[in-house]
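Analysis of the macromolecular model
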Amino acid sequence: MPQTIWHQCLEVLRDEFPAQQFNTWLRPLQSEHQDDQLMLFAPNRFVMDWVNEKYLRRIEEVLKDLQGGQAPRINMRVGSATAARDMVQRSQTANVESGRQDDTGPVSEEEKGVAATVVDRQPRREVLSSAAASRRRNVQVEGDIKHQSFLNESFTFDTFVEGKSNQLARAASMQVAENPGGAYNPLFLYGGVGLGKTHLMHAVGNEIVRRNPRAKVAYLRSERFVADMVKALQLNAINEFKRYYRSVDALLIDDIQFFARKERSQEEFFHTFNALLEGGQQVIVTCDRFPKEISDMEERLKSRFGWGLTVMVEPPELETRVAILMKKAEQTNVRLSSEAAFFIAQKIRSNVRELEGALRLVIANAHFTGQEITPPFIRESLKDLLALHEKQVSIDNIQRTVAEYYKIKVADLHSKRRTRSVTRPRQMAMSLAKELTNHSLPEIGDAFGGRDHTTVLHACKKIVELQGTDTNIREDYQNFMRLLTT
Amino acid sequence: MVGDTLGGDQLTLGVRIRDDATFRNYLGERNADAAHKLRLLSEDSTLPVIVVCGDSGTGKSHLLQAVCHHTEALGLSSLCLNLEELLPLGPDVLQGLADYPRVCLDDIEAVIGNAPWEEALFHLFNRMLDNGHQLIVTASQTPASLGLGLRDLASRLQHGIVIQLLLPRDDDRLLILGSRAEARGLDLPEEVGRFILRRATRHTGDLLDILDRLDESSLKAQRKLTIPFVKSVMGW
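Note that this is a predicted model, so its numbers are computed, not measured.

Description of the packing of helix α18 (residues 395–406) of chain A against helix α20 (residues 420–436) of chain A
Residues and elements named next belong to chain A. At their nearest, the axes of α18 and α20 sit 9 Å apart, and the two run at 145° to each other. As for the relative orientation of α18 and α20, their crossing is right-handed in sense. Contacts between α18 and α20 pair Ile-395, Ile-398, Val-402 and Tyr-406 from the former with Pro-425, Met-428, Ala-429, Leu-432 and Ala-433 from the latter. Grouping the constituent residues of the contact of α18 with α20 by class yields 9 nonpolar, no polar and no charged.

Some points on the interface of chain B and chain A
In this assembly, 73 residues from chain B lie in contact with 74 residues from chain A. Counting the surface lost from both chain B and chain A, the interface buries some 6500 Å², and carbon and sulfur atoms represent 49% of this. The salt bridge involving A:Lys434 is made with B:Asp170; its shortest N-O contact spans 3.0 Å. The leading source of residues in the side of chain B that touches chain A is helix α5 (residues 115–131) of chain B, at 8 residues. Classifying every residue of the side of chain B that touches chain A gives 27 nonpolar, 23 polar and 23 charged.

Regarding the sheet that holds strand β1 (residues 49–53) of chain B
All names here are of chain B. Here 5 strands make up an open sheet; going across it, the order is β2-β3-β4-β1-β5 and the pairing parallel. With one partner strand each, in any of the chains shown, β2 (78–82) and β5 (161–164) form the two edges of the open sheet. This sheet shows a mean twist of 15° between the axes of neighbouring strands, independent of strand direction. Across 5 bridges, the pairing between β2 and strand β3 (residues 102–106) is parallel. Each residue of the ladder has a partner; that of Cys-80, found in β3, is Cys-104.

Remarks on the pattern of salt bridges
Within the structure shown, the criterion is met by 35 salt bridges over all chains. Residues A:Glu299 and A:Lys302 are paired through a salt bridge, measuring 3.3 Å at the closest nitrogen-oxygen approach. With A:Glu299 and A:Lys302 both in helix α13 (residues 299–305) and 3 residues apart, this pair spans about one turn of that helix. For A:Glu299, a relative accessible area of 51% gives the class exposed. For the salt bridge of B:Arg30 with A:Glu435, the shortest nitrogen-to-oxygen distance reads 3.5 Å. Residue B:Arg30 is found in the loop between α1 (2–6) and α2 (32–41), and its partner A:Glu435 is found in helix α20; the two belong to separate chains. For the pair formed by B:Arg30 and A:Glu435, the shared burial category is buried.

Conventions adopted
Residues numbered from 1 in each chain as written. Chains lettered and ligands numbered in written order. Predicted model: local features only at pLDDT ≥ 70, side-chain atom pairs only at ≥ 80, totals over all residues. Heavy atoms only, no water. Axes fitted to C-alpha atoms, helices over the stretch in contact; angles between N-to-C directions. Helix = DSSP H or I, 4+ residues; strand = E, 2+ residues; numbered from the N terminus. Left-handed = near helix turned anticlockwise from the far one by under 90°. Contact = heavy atoms within 4.5 Å. Nonpolar A, V, L, I, M, F, W, Y, C, P; charged D, E, K, R; others polar. Buried area = accessible area lost by both parts, 1.4 Å probe. Salt bridge = Lys/Arg side-chain N within 4 Å of Asp/Glu carboxyl O. Pairing = 2+ DSSP bridges. Buried < 20%, exposed > 50% of the residue type's maximum accessible area, 1.4 Å probe, protein only.

Here you go:
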């Protein structure tokens, strides 16, 4: 059976189901033909269950029609076709069933969720092989421990912009990099989002490796630690897991706050943490808050976080923000004047990530329009980012704004009065309502004292016409657009 | 099953024209630049996240599907999911999605304030970042104004590029109506289109629903679309 049978089937289904349903549930399925069966791979077990329940019968019917009455056997699985191909090769060498020791403490619902992808209906050997093929971090649960650092090489001390806000954190991090497992163990870096904690953490890891290329440094987010642990428990490979994490020279765990409510992970991390500290291996942890303030975390763990050095990273001050922008622009080979950098840094004050996002947006717009990056260009580019975007406004709001602007009453806009001092603002308000809302013209007419939709049309035409001949009206219109949409 | 899905009030002939949403049929001058920018940026694998924001009726969902078609045409697999539709399934539904080079999530507002969902999105973002993949989400507001409970997630969305869509103008709406009518094999004279715009709500989705209704009525009654016919069907 050629693989195109599935594509033919998809073509039929595409015509039968609404695009939304098709794109959500059917299009993502990947197929693989093995022997006399058609294996369909769903990205996760929910998609698999949903397809099984809602679409499988129809899929079978279509395939039967396409095959002239002989329906192939369908085997639904979680994973990908690529992984399945690898699985066939790996299943011969994987020896996962024997020699595993168990340590199956209670795992919370949150922890189960983290590793949901391995909980499917496949036999265990295949689960592991499939997971092994699709995950880079499979090594620690397979017995063949290979250290993968997952360090981002671009995050170094050289690329870190130092300022008053992060001076102490940088200095402490450098100390740790020079003397891992020394006095500052653990190093606990905390602060708000997007301030460079992760950058510093990677910088330490990279520096340790630069000084000692044989050093085993492992960086991972706390969620990955949880996922690996749950997977190891499910595969009876918890001892491999422990051995892996306790064998590194430096363990760098990012965003530790996501251990909250994951009791089993906290327990495991607690023991790993103790083992590493006793062995003189370095631990670095980042968090969005001070250790004592972490909720749903065991007290003994919070207390241990404070044993070494706890340093806060603060939001960068203006000069640092300017320096960060200049550095980022330089890294992307973009010419950014200090005036332009200063302008962005003044507008974006909260964190470095947002600052970089702003710069990215400005650069993209400059690239698309071919314009130079100047403060007016930046202002226009950042309009969206600063939430100065066009919002859907109500007719009430338009009427209030217009009445206030022209110093008349809202009731005048609803009234039958036809003096110039009232008709022009009314026409202006109607025109704005048409431009800025989705209301129908009859609805707009109704909102202005029950006028006919033709009156609204006339008003809109009039305002367009006047904008071409009367500078005051043009200016008023622009003012209203600015007032109502920012 | 198919009949159930398509709803009860349909033509006897059970064929419904497929409305593939592509960049080519995303019409209207007002958002043309934004759509062009999205198409190019969706090819940039170094960009971890794009947020497409705009009010209801600006074509956000259309553009997400267009990104998926475009991505597939480039030989990469992609996935387009509506978060409101996924909500009853729980956040674990996002597991494994980071393996797709492009994941498009429509209507992020559906999960705002829902801590487990926000956290699951945060982890999805991180995994996609690790894999060098791209996440594209739609929202009615910019990330800073969304009111996400998880600051880590808000901050990561702010790290990407925001593309703002504006409400279409009437000429754009007319173009969209005309194009959809043409795809249906329906003759929609301009004056009839303008008449609809003068009488109906001007929300794009509602306008297209009206066109569907007129299409069915016109076929059943074997009548052309004229202003009197539209008036009689719509009760205007």
